[in-house]
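# Close look at the chain arrangement
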Amino acid sequence: MIGELGRRSATALLLHSALIQAVTFLVRPAATYRALELDVPGFALGLLAASYAVFPLLLAVPTGGLVDRLGERRLMAIGSGVVLACSAFLLFWGSSITTLVIGTAFLGAGQLACVVGQQAVVANNAAASRMDSAFGYLTFAASLGQALGPLAISLVGGNSVQPDTQMIFLLAVCMSAVLFGTTFVVSAEVSGGRKKAGDESAAKGSAVSLLKTPGVARALATSATVLAVVDLTMVYLPALGTDRGLTAATVGAMLTVRAVSSMVSRLLLGRVSRKIGRMRLLVTSLALSTAALAAAAIPMPAWLLFVVMAVLGLGLGIGQPLTMSWLSAQAPAGQRGRALALRLAGNRVGQVILPSAIGVAAAGLGAAGVFLVSAVVVGGTMVLLRGVKLD
């Protein structure tokens, strides 16, 4: 149970969290495979990865204010509708790199609205002492969706190196329709964090003050880096698999293993965080991620790469829920949607800048080079966090 939500509403919220991630982690690798079918140049894959964040970047903070005014469920419904429309667009018109970029960008906008609404539901209904656990459960459901999306690719792709992307987009349309319907099962009485009319300037001031709080900018940078690396894994693992002759089913299974490992780390997040502290747990997760990313760049048997993906999932699964709960605890009631959107805005900046920058830095090194450069970037975040107090 999450805070004051009833069992039916909490179940619907977790299902919504799983479904939006499943659709996202189904459509984005499928878009990569479609781009490979079109034989686009290597730099275009980085552009495709970055496009997911460009449009939502402009909407992140305004969306936070919108959820505080209109309520969580309405925003989730809008986002679900956009995701459904994007899935249909890619099914019927995703036949060029231009349409793939457009569809992916609007997918990011819809996913943003869904996630802001979901996180605001938790922030406005969970007790402060249970915040880590509540966000752990929410992101556990998200990880479940991240596992189901690639699993569907494995089932559709079978033993072929290039799966039937048209069938994958059709499946995404069906899942998006269920996502939209699930929105209306979440209780409408979960808007306790909505701000009063006329408090717009106060909310803006709160967000600016939060950003200026010592350590916050570095914590947000860490959150952005972790999410960008998750994105890069989705986009470049299929490319790495193609380079090494791995089937689409094998690559899909590796993405599933990474997501399942993140599920495990998030399910136990509250208990472990209370035992060793948020800061120590966050640094440990970054160290695991750095080691796994560096190892993935080394040629190895497929079974060993599965192990590496499992370790990577454990490391990457922790950063997001910890920064969510910390920011929710800092923000006053009525402004938590804006605070969480500030974190998402930082994430979007990372999703725009890092994939493109890492893609350029590793241009002559191939997909393996992307994983190696990513390891350097994630390792650097541990230096950024020196002196930050998240507990």
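Structure report, in brief.

## Quick look at the nonpolar core
- Counting 75 residues, the largest nonpolar core has Y236, L237, L305, M309 and F371 as its most contacted members.
- If sequence neighbours within four positions are ignored, Y236 has contacts with L45, G46, G359, A367, V370 and F371.
- Counting residues in hydrophobic clusters, the runner-up holds 14 residues, among them M76, M131, F135 and L340.

## Concerning a nonpolar patch on the surface
- Where nonpolar side chains cluster on the molecular surface, the patch consists of Y137, V260, V264, L267, L268, V272, I276, L288 and L314 and spans about 650 Å² of accessible area.
- Secondary-structure elements contributing two or more residues to the nonpolar patch are α9 (248-267) and α10 (269-276).
- If you tally residues by element for the nonpolar patch, the top one is α9, at three residues.
- Locating I276 in the fold gives a position in helix α10.
- Exposure remark for I276: the relative accessible area of 32% places this residue in the partly exposed category.

## A closer look at the side chain of Q111
- Its place among the elements puts Q111 in helix α4 (residues 97-125).
- Look past the residues within four positions of Q111 in its chain and what remains in contact with it is I20, Q21, T24, Y52, V83 and R348.

## Focus on α9
- Over its 20 residues, α9 extends 29 Å from the first C-alpha to the last, a length consistent with the 28 Å expected when each residue adds 1.5 Å.
- With 14 of 20 residues buried, α9 lies mostly within the body of the structure.

## Remarks on the pattern of salt bridges
- Applying the stated criterion across every chain, the model contains two salt bridges.
- Between R28 and D231 there is a salt bridge whose closest N-O contact spans 3.1 Å. You can see R28 sitting in helix α1 (residues 7-37) and its partner D231 sitting in helix α8 (residues 216-243), a full 203 residues away along the chain. Residue R28 shares its accessibility class with D231, and that shared class is buried.
- Across the pair E37 and R34 runs a salt bridge, and its minimum N-O distance is 3.5 Å. Residue E37 and its partner R34 are located together in helix α1, separated by three residues, close to a single helical turn.
- E37 gets classed as partly exposed once you look at its relative accessible area, which sits at 40%.
- According to the relative accessible area criterion, R34 is buried, its value standing at 8%.

Calculation notes
Residues numbered from 1 in each chain as written. Predicted model: local features only at pLDDT ≥ 70, side-chain atom pairs only at ≥ 80, totals over all residues. Heavy atoms only, no water. Core = buried A, V, L, I, M, F, W, Y, C linked by side-chain atoms within 4.5 Å. Buried < 20%, exposed > 50% of the residue type's maximum accessible area, 1.4 Å probe, protein only. Contact = heavy atoms within 4.5 Å. Patch = residues over 30% accessible without salt bridge, like charges linked within 9 Å, V, L, I, M, F, W, Y side chains within 5 Å. Areas by Shrake-Rupley, 256 points an atom, 1.4 Å probe, with all protein chains shown as cover. Salt bridge = Lys/Arg side-chain N within 4 Å of Asp/Glu carboxyl O. Helix = DSSP H or I, 4+ residues; strand = E, 2+ residues; numbered from the N terminus. Expected span 1.5 Å × (residues − 1).

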